[in-house]
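Per-entry structural report
The residues making up each chain are set out below.
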Amino acid sequence: MEQAFLDKMKENLAEQRKMILDSLAGQSDDMKELIKTVESGDEADVASDAIDRNLLTALGAQEAKRLQQIDKALERIYQGKYGRCVVCGKEIPEERLEALPWTTMCVQCASAAERRNR
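Definitions and limits used
- Along each chain, residue indices are assigned from 1 in the same order as the chain's sequence is written.
- At least 70 in pLDDT is required for a residue's local features to be given in this predicted model, at least 80 for side-chain atom pairs to be given and counted, and no such filter applies to totals for whole chains, interfaces and linings, which use all residues.
- Note: side-chain values were computed over all heavy atoms of the structure, leaving out hydrogens and water.
- Strands here are runs of E lasting at least two residues and helices are runs of H or I lasting at least four, both read from the DSSP assignment and numbered beginning at the N terminus.
- Here the term buried applies to any residue with accessible area under 20% of the maximum for its type, exposed to any over 50%, and partly exposed to those in between, with areas from a 1.4 Å probe on protein chains only.
- His is not counted, nor are the chain ends, whereas Lys and Arg count as positive and Asp and Glu as negative.
- The term salt bridge refers to a pairing of a side-chain nitrogen on Lys or Arg with a carboxyl oxygen on Asp or Glu at a separation within 4 Å.
- For the purposes of these results, a polar contact is taken to be a pair of N or O atoms within 3.5 Å, where, inside protein, one atom must be able to donate a hydrogen and its partner to accept one; residues adjacent in sequence count only when each atom of the pair is a side-chain atom.
- Whether two residues are in contact is decided by their heavy atoms: any pair within 4.5 Å suffices.

**Examining the side chain of Arg-96**
- Within the secondary structure, Arg-96 is located in helix α3 (residues 94-99).
- Although buried, Arg-96 forms no salt bridge, and the nearest oppositely charged side chain, Glu-114, lies 8.0 Å from it.
- Separated by 2.8 Å, the side chain of Arg-96 and the backbone oxygen of Met-105 make a polar contact.
- When neighbours within four sequence positions are excluded, Arg-96 is seen to be in contact with Thr-103, Met-105, Cys-106, Val-107 and Ala-110.

Below is the structure:
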């Protein structure tokens, strides 16, 4: 894999990492605001806020998982292992890496894993 492509992916991953961290920080502020309204609101507000809080928590968990995947992808770049399928060892096409820069599997292995998990 060419160094220019690796540099591009490293930059892309770093940008996505920053966006997720900023988003998670913003959710913490949102969570603080929700807690204030729950403490002073009526029952309808409390129920609505509980739903909002659960949604924020779920979104935070998804973003936290993606953050881990991004960190692992950056680590693979530094180790020289980025762009290789962890299952079959074949090179992952650049188009797939551009679409899912944190992916660890080629399309064939990812499809097979998805079928097994159904």
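**Quick look at the side chain of Arg-76**
- Mapped onto the secondary structure, Arg-76 falls in helix α2 (residues 43-79).
- The buried charged residue Arg-76 lacks any salt bridge, with Glu-75 as its nearest oppositely charged partner at 7.9 Å.

**With respect to the environment of Asn-12**
- Locating Asn-12 in the fold gives a position in helix α1 (residues 3-40).
- Asn-12 sits 86 residues away from Glu-98 along the chain, and the two C-alpha atoms are 8.8 Å apart.

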